[in-house]
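# Notes for the structure review
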Amino acid sequence: MVEVFSVLWTVIPQSAPQPTMNCRRCGAARPFRSSGKFRVNANGKQVDAWLIYKCTTCDDTWNRPVLERRSVDGIDPCLLEALHRNDPALADRLAGDIGDLRGGAAAASAAVAVRKEVLCEAPLSAPWLSVRLAVPQPVTLRLDRLLAGELGLSRKRLQALQESGRLDTAPNGPRMLRRPLRDGTCVTLELARECDGATICAAAGDLA
Ligand SMILES: [Zn+2]
């Protein structure tokens, strides 16, 4: 039987993404954070709403569209009411949604907390390590950066392991390594030839 040291990592964003955008007042690219407040404009029967972001350096504002020229009749009254009273749960949910943060806003912050569980009681000297990812909310952190930070390996070494066929990502294959984390991704590492395999497994299971 091939021994596999198998772990599950649950990755939770520690703070809402802070999109980097050109700040007019600073005259430079700056991270913007959600203020948790909305601006709602009702013009006759049309409603616009934005989530207000602030430059982390100078507090200049950027309005992220939430509703654009929507007919008031087509909006859930609960949503409208939540926007008017700056509902914290709604603001958190929208700030955590990176779906429409494109273009200049794409480079969001990526601070995460990782909860590690050992799924299989194989010895730390097992020749294989399997890391399964649970990512319940979208995060912008790249897989290679997560693995490097959590396993104590350089990204160059991860790249070399992948090129020699000793690091595999499933589903979606090798290109996943440089992409943001996805729920359900499984990373398999062959450690038989690595002299520090036991240290890597201990880091993977938070047993160090
Ligand atoms: Zn600024």
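Refer to the structure presented above.
These notes cover the structure that comes with them.

### Some words on the nonpolar core
Among the nonpolar cores identified, the biggest contains 32 residues, and Trp9, Leu129, Leu146, Leu151 and Leu181 are the most heavily contacted of them. Tallying contributions element by element places helix α3 (residues 143-151) first for this core, with five residues. Excluding anything up to four places from it in sequence, leucine 181 contacts Val11, Leu133, Val135, Val139, Leu141, Arg142, Leu143 and Leu146. Core analysis: the second largest hydrophobic core is formed by 17 residues, Cys23, Leu80, Leu83 and Ala91 among them.

### Let's talk about the coordination of the zinc ion
In ideal tetrahedral geometry, four donors around a metal make angles of 109.5 degrees, whereas ideal octahedral geometry with six donors gives angles of 90 or 180 degrees. The protein atoms donating to the zinc ion are Cys23 (SG), Cys26 (SG), Cys55 (SG) and Cys58 (SG), with metal-donor distances spanning 2.3 Å. In this structure, the zinc ion is coordinated by four donor atoms arranged in tetrahedral fashion, with angles at the metal of 100 to 114°. Read in sequence order, the donor residues coordinating the zinc ion give the pattern C-x2-C-x28-C-x2-C. Residue cysteine 26 is located in the loop between β2 (20-23) and β3 (28-43), and its partner cysteine 58 is located in the loop between β4 (46-55) and β5 (61-71); the two are separated by 32 residues in the primary sequence.

### Some remarks on the sheet that holds β4
Pairing between the strands of a sheet comes from backbone hydrogen bonds, and it takes one of two forms, parallel or antiparallel. Strand order in the open sheet formed by four strands is β2-β3-β4-β5, with antiparallel pairing between adjacent strands. On the outer flanks of this sheet lie β2 and β5, each paired with one strand and no other. Strand-to-strand, the axes of this sheet are offset by a mean angle of 40°, without reference to chain direction. Alignment of β3 against β4, held across nine bridges, turns out to be antiparallel. Its bridge partner being in β4, serine 34 is matched across the sheet by tyrosine 53.

Reading the values: rules and limits
- In this numbering scheme, every chain counts its residues from 1 along its sequence in written order.
- The predicted origin of the model limits local features to residues at a pLDDT of at least 70 and limits the giving and counting of side-chain atom pairs to 80 or more, whereas totals for whole chains, interfaces and linings rest on all residues.
- Hydrogens and waters are ignored; side-chain quantities use all the structure's heavy atoms.
- Throughout, nonpolar core names a set of buried Ala, Val, Leu, Ile, Met, Phe, Trp, Tyr and Cys residues whose side chains join them through atoms within 4.5 Å.
- Think of it in three bands: residues with accessible area under 20% of the maximum for their type are buried, residues over 50% are exposed, and the middle band is partly exposed, with areas taken using a 1.4 Å probe on protein chains only.
- Per the convention used, a helix needs a DSSP run of H or I reaching at least four residues, while a strand needs a run of E reaching at least two, with both numbered from the N terminus.
- Residues count as neighbours in contact if any of their non-hydrogen atoms are within 4.5 Å of one another.
- Distances decide who is a donor: an N, O or S atom must be within 2.8 Å of the metal, or within 3.2 Å for Na, K and Ca. Water is not included, so sites may look incomplete.
- Here the metal geometry follows the donor angles, with tetrahedral for four donors whose angles all fall between 85 and 135 degrees, square planar for four and octahedral for six when opposite donors are more than 155 degrees apart and every other angle is between 65 and 115, and irregular for all the rest.
- Strands are labelled as partners when DSSP assigns at least two bridges between them.
- Lines fitted to C-alpha atoms define the axes here, with helix axes fitted over just the stretch in contact, and angles between the N-to-C directions of these axes take values from 0 to 180 degrees.

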